[in-house]
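# Examination of the molecular architecture
Below are the chains, spelled out letter by letter.
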Amino acid sequence: MNIATPITPTPDRIAAEKALETLRAWASNADATEIATLDPAVAQMLQGGNAYPLLERAYPADFEIEPEYKASLPDLQNGPSSLIKGAKQQIQHVGISNFRLPVRFETRDSGPLTLETSVTGTVSLEADKKGINMSRIMRSFYKHAESTFSFKVIEAALDDYISDLESFDARIQMRFSFPMKISSLRSGLEGYQYYDVALELVEHAGVRQQIIHLDYVYSSTCPCSLELSEHARATRNQLATPHSQRSVARVSVLLDADANVLWFEDLIEACRRAVPTETQVMVKREDEQAFAELNAANPIFVEDAARLFCEQLLADARISDFRVIASHQESLHSHDAVSVLTEGPTFAQASIDPKLFNTLFHVG
């Protein structure tokens, strides 16, 4: 049986005039925001202009903004909920990432230190709000840019943009590379080790949390490989070397709200006590030999590393919940050995970001 496909008739002039009449009747009761959501050419006609006006192409360098003109500028992000696209759902985080500026930080040992810092700032967005003004986060942060930063200053910046954006939850994260002068093992040379650090202030349901993230880079010698190498020497007089590799631990700690300050240097030294085989900066022959001896005295599997870091963090009353992620980037295998250890509810989660372990690489 053949089914005829209906043919849509080509509109004639009369149909077009009726459609235009209907469109103008609708526009007479619609506001400017609704009209602006139409095709720009149609919207221009409805607002009394030409469909394709001749526009000035030269940049008006001497144009000055008057208050009336500024008030007339469209602001679709703060438009009515009718402009929302997709589901009208609350968004937990919306804002800016990798907003960079020089920031002065307090340190334990060397006074204030100015470091290039990458800032991520987000707020929650209620289900019936179209969007936020992203630049307000930057403007709020710049009010405090000349301060020497601590968590108290970060809280003040958070207060400002929660107020400016009329939001109930918010987050600030500040990432930077923190330098610390380190002595070599035996030669007496000194050099700067750089640590990837992030400060995070989170407000959720009226509760604020202060979090520090630190990447600690160390050498891990495989205990099994060490024993097998020694067995070859002892039983067959065969020279053998155990395998070791550059390894990274990402330590994240929630600060106790009532405790004294936890300095960056304090957290770094806790990691060094846990795993003393930190990679070296300045090295002469005697230092290289000392590092080989240090590795032989501290062979660790990735499970050992996680528990050794855990032991130090549990011993510090300034630290509440924490998480340790360790990655031993194997020189024996073509894959890595990894472990994750959490304490408390803050960092406990069933799902892991598929790219999480890919970020645990020290690139110098």
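Residues numbered from 1 in each chain as written. Predicted model: local features only at pLDDT ≥ 70, side-chain atom pairs only at ≥ 80, totals over all residues. Heavy atoms only, no water.

### A closer look at a nonpolar patch on the surface
Together, Phe-63, Ile-65, Tyr-69 and Leu-73 give the surface a local cluster of nonpolar side chains, amounting to about 400 Å² of exposed area. Among the structural elements, Tyr-69 can be located in helix α4 (residues 67-72). (Patch = residues over 30% accessible without salt bridge, like charges linked within 9 Å, V, L, I, M, F, W, Y side chains within 5 Å. Areas by Shrake-Rupley, 256 points an atom, 1.4 Å probe, with all protein chains shown as cover. Salt bridge = Lys/Arg side-chain N within 4 Å of Asp/Glu carboxyl O. Helix = DSSP H or I, 4+ residues; strand = E, 2+ residues; numbered from the N terminus.)

### Side note on the packing of helix α5 (residues 134-142) against helix α6 (residues 151-165)
As a packed pair, α5 and α6 sit with axes 9 Å apart at the nearest point and diverge in direction by 145°. α5 and α6 meet at a crossing whose hand is right-handed. Here Arg-136, Ile-137, Ser-140 and Phe-141 of α5 lie close against α6, whose contacting residues are Ala-157, Asp-160, Tyr-161, Asp-164 and Leu-165. Classifying every residue of the contact of α5 with α6 by side-chain character gives five nonpolar, one polar and three charged. (Axes fitted to C-alpha atoms, helices over the stretch in contact; angles between N-to-C directions. Left-handed = near helix turned anticlockwise from the far one by under 90°. Contact = heavy atoms within 4.5 Å. Nonpolar A, V, L, I, M, F, W, Y, C, P; charged D, E, K, R; others polar.)

### Re the sheet that holds strand β5 (residues 190-204)
Pairing is mixed in the open sheet, where nine strands are placed in the order β3-β1-β2-β4-β5-β6-β7-β8-β9. Since the sheet does not close on itself, it has two edges, and those belong to β3 (148-149) and β9 (337-343), each with one partner. Here strand β8 (residues 319-328) runs beside β9; their pairing, made up of seven bridges, is antiparallel. If you follow Ile-325 over to β9, its bridge partner there is Val-340. The sheet strands contacting helix α8 (residues 264-274) are β1 (91-105), β4 (170-183), β5, β6 (207-221) and β7 (244-255), and the helix crosses β4 at an angle near 65°. (Pairing = 2+ DSSP bridges.)

### Brief notes about the packing of aromatic side chains
Within this structure, the stated rule accounts for twelve aromatic pairs. Plain terms: the ring middles of Phe-99 and Tyr-142 are 5.6 Å apart, the flat faces sit at 55° to each other, and that makes the pair tilted. Placement of the pair is Phe-99 in strand β1 and Tyr-142 in helix α5, with a sequence separation of 43 residues. Counting every residue linked through ring pairs, the aromatic cluster contains Phe-99, Phe-105, Phe-141, Tyr-142, Phe-149, Phe-176, Phe-178 and Phe-264. (Phe/Tyr/Trp six-rings, centres within 6.5 Å; stacked < 30°, edge-to-face > 60°.)

### Some thoughts on the packing of α8 against helix α10 (residues 302-314)
It is at 8 Å that the axes of α8 and α10 come closest, and there the two elements cross at 135°. Between α8 and α10, the angle falls in the class oblique. Where α8 crosses over α10, the handedness of that crossing is right-handed. Residues Leu-267, Ala-270, Cys-271, Arg-273 and Ala-274 of α8 pack against Leu-308, Phe-309, Gln-312 and Leu-313 of α10. Broken down by class, the residue content of the contact of α8 with α10 amounts to seven nonpolar, one polar and one charged. (Parallel < 35°, antiparallel > 145°, perpendicular 65-115°, else oblique.)

### Thoughts on the nonpolar core
Among the nonpolar cores identified, the biggest contains 61 residues, and Val-253 and Phe-309 are the most heavily contacted of them. Of all the elements, α6 adds the most residues to this core, at eight residues. Apart from residues no more than four positions distant in its own chain, Val-253 is found in contact with Gln-210, Ile-211, Ile-212, Leu-262, Leu-267, Leu-313, Ile-319, Asp-321, Phe-322 and Phe-347. (Core = buried A, V, L, I, M, F, W, Y, C linked by side-chain atoms within 4.5 Å. Buried < 20%, exposed > 50% of the residue type's maximum accessible area, 1.4 Å probe, protein only.)

### Describing α10
The end-to-end C-alpha distance of α10, which contains 13 residues, comes to 19 Å, matching closely the 18 Å that a straight helix rising 1.5 Å per residue would cover. All buried positions along α10 are accounted for by Val-302, Ala-305, Ala-306, Phe-309, Cys-310, Gln-312 and Leu-313. Taken end-on, α10 shows its buried residues confined to a sector of 165°, consistent with a single buried face. Away from its buried face, by an angle of more than 90 degrees, α10 presents the exposed residues Arg-307, Glu-311 and Leu-314. (Expected span 1.5 Å × (residues − 1). Arc of directions from axis to C-beta.)

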